[in-house]
Amino acid sequence: MRSDTVPPQRLVWTPELVNRFWDVVGTTALEAHAFARIAGRLFIIAARAHFTPGGRHLDFGAGDGTLTRLMIEAGFPTAAFEPAPERRHALERALGGLPGFLGAAAGTDAPYDAVVMAEVIEHVIDEELDPVLRAVHGFLRPGGRLIISTPHAEDLEASMVYCPVSNLLFHRWQHVRSLTPESLAGLLAPHGFRVIVTHLVEFSNFGFLLPPERMRVPAPLAALWRRVRTAQLARRFRSGRQVTLGDRSHMLCVAERI
């Protein structure tokens, strides 16, 4: 290391930087790595016991609207909330006119039967966490369900990247906190939520023991395998007991507005 090298600093995320980050990500091939595109259908398998067929649902932090669309296609009318301006406009264009799309959410649209925060809470900067959780509480009807997915006990340092132009270190996916079932419950309780169950799962076909996309399995056999396994998983997630799958790299927390 040269003696004149300046040690890197850590990027301090602001609301403006967060919005800029996600607006730009949405215009690049990085969008293909979005959680909903990779695991949205698996998320719905795990969470659908807490949705209301024909009811009102909100995808909070909807990104490009992929999960919103999947929920609608599964029979759950859904609105979308997205703070990043360009991503919000893009999802409105993509979903506008789709039967079952309840529009871009605002506080006047409340209440909803369930609010989904799929891979969102780990991105919310500290100064905005309390206002976000208050807003989510306001969106829900009393007794409504908040369903959160987030990495489980993530090692944030392992996903840091370095920008040689700015000499800054930052998490490659803009994560700002690592959570456990206990710490997540502690964040939710002061905002009027009671945790019902927290599942520890691997959101992948391997983790759910579903047929891999590239496995050479005859289509009829793969379809039967998927139907049988999906039914098994639905029963497990409906039981109300904690489900553990695969490497437990993610949490699926179900909380109730009290």
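Everything numeric here is computed off the predicted structure, so don't read it as measured data.

(A) Spatial organisation of the overall build of the protein. Counting its regular elements, the protein contains eight helices and ten strands. Against the globule reference of 18 Å for 258 residues, the protein gives a C-alpha radius of gyration of 19 Å, in line with a compact fold. Projected onto its principal axes, the C-alpha positions of the protein cover 65 × 50 × 40 Å. Here the protein, with 258 residues, has 45% of them falling under the buried criterion. A fraction of 74% describes how many contacts in the protein between residues 6 or more apart in sequence connect residues 24 or more apart. Within the structure as shown, the protein displays about 13100 Å² of accessible surface, and the carbon and sulfur contribution to it stands at 57%. Side-chain charges in the protein split into 28 positive and 26 negative, and the spacing between the mean points of these groups amounts to 10 Å.

(B) Summary view of the sheet that holds strand β2 (residues 57-60). The strand order β4-β3-β2-β5-β6-β10-β9 describes an open sheet built from seven strands, whose pairing is mixed. Whereas interior strands pair on both sides, the edge strands pair on one side only; in this sheet they are β4 (101-104) and β9 (193-201). Each strand of the sheet is rotated relative to its neighbour by a mean of 20 degrees, with strand direction disregarded. With three bridges joining them, β2 and strand β5 (residues 112-118) adopt parallel strand pairing. By the bridge assignment for β5, Asp59 is matched with Val116.

(C) Expanded view of the environment of Phe101. Along the polypeptide, Phe101 turns up in strand β4. Here the alpha-carbon distance between Phe101 and Pro77, two residues 24 residues apart in the chain, equals 5.9 Å. The residues touching Phe101, leaving out its near neighbours within four places in the chain, are Thr68, Ile72, Thr78, Ala79, Ala80, Leu91, Leu95 and Gly96.

(D) Structural detail: unusual backbone geometry. Of note in this structure, Glu119 is not a glycine but carries a positive phi near 55 degrees. You can see Glu119 is positioned in the loop between β5 and α5 (126-139). Glu119 gets classed as buried once you look at its relative accessible area, which sits at 13%.

(E) Expanded view of the packing of aromatic side chains. Applying the stated criterion across every chain yields a total of 14 aromatic pairs. Ring centres 6.3 Å apart and planes at 85 degrees place the aromatic pair Phe35 and Phe43 in the edge-to-face group. An aromatic cluster is defined as three or more aromatic residues linked by ring pairs; in this entry it consists of Trp13, Phe21, Trp22, Phe170 and Trp173. When the ring centre of Tyr112 is taken as origin, the NZ or CZ atom of Arg56, which lies over that ring, is 4.6 Å away.

(F) Layout of the sheet that holds strand β7 (residues 160-163). With mixed pairing, three strands are arranged side by side in an open sheet as β1-β8-β7. Strands at the two margins of the open sheet, each flanked by one partner only, are β1 (9-10) and β7.

(G) Expanded view of the pairing of β5. For β5, the tally of buried residues reaches seven of seven residues, placing the bulk of the element in the interior. In this structure, β5 lies alongside strand β6 (residues 140-151), joined through six bridges in parallel fashion. If you follow Val116 over to β6, its bridge partner there is Ile147. Once the chain exits β5 it traverses α5 before rejoining the sheet at β6, and the crossover so formed is right-handed.

(H) Structural view of the packing of helix α2 (residues 35-47) against helix α3 (residues 66-73). Running from N to C, α2 and α3 cross one another at 35 degrees; their axes reach a closest spacing of 9 Å. Like other packed secondary-structure pairs, α2 and α3 cross with a definite hand, here right-handed. For the pair α2 and α3, contact is made by Ala36, Arg37, Gly40, Arg41, Phe43 and Ile44 and by Thr66, Leu67, Leu70, Met71 and Glu73, respectively. Of the residues that constitute the contact of α2 with α3, the class distribution is six nonpolar, two polar and three charged.

(I) Region of the structure containing the pattern of salt bridges. In the structure shown here, the tally under the stated rule is five salt bridges. Here Arg37 makes a salt bridge to Asp64, at a shortest N to O gap of 2.7 Å. In this pair, Arg37 is assigned in helix α2 and Asp64 in the loop between β2 and α3, connecting sequence segments 27 residues apart. Assessed through its relative accessible area of 22%, Asp64 is described here as partly exposed. A salt bridge links Arg141 to Asp113, with the nearest nitrogen and oxygen atoms 2.9 Å apart. Of this pair, Arg141 sits in strand β6 while Asp113 sits in strand β5; the two residues are 28 residues apart in sequence, bridging distant segments of the chain. Owing to a relative accessible area of 30%, Arg141 belongs among the partly exposed residues under this scheme.

Conventions and cut-offs
Residues numbered from 1 in each chain as written. Predicted model: local features only at pLDDT ≥ 70, side-chain atom pairs only at ≥ 80, totals over all residues. Heavy atoms only, no water. Helix = DSSP H or I, 4+ residues; strand = E, 2+ residues; numbered from the N terminus. Rg over C-alpha atoms; globule rule 2.2 N^0.38 Å. Buried < 20%, exposed > 50% of the residue type's maximum accessible area, 1.4 Å probe, protein only. Contact = heavy atoms within 4.5 Å. Areas by Shrake-Rupley, 256 points an atom, 1.4 Å probe, with all protein chains shown as cover. Lys, Arg positive; Asp, Glu negative; His and termini not counted. Charge placed at Lys NZ, Arg CZ, Asp CG, Glu CD. Pairing = 2+ DSSP bridges. Axes fitted to C-alpha atoms, helices over the stretch in contact; angles between N-to-C directions. Phe/Tyr/Trp six-rings, centres within 6.5 Å; stacked < 30°, edge-to-face > 60°. Lys NZ or Arg CZ within 6 Å of the ring centre and 35° of its normal. Right-handed = clockwise from strand over helix to strand, strands pointing away. Left-handed = near helix turned anticlockwise from the far one by under 90°. Nonpolar A, V, L, I, M, F, W, Y, C, P; charged D, E, K, R; others polar. Salt bridge = Lys/Arg side-chain N within 4 Å of Asp/Glu carboxyl O.

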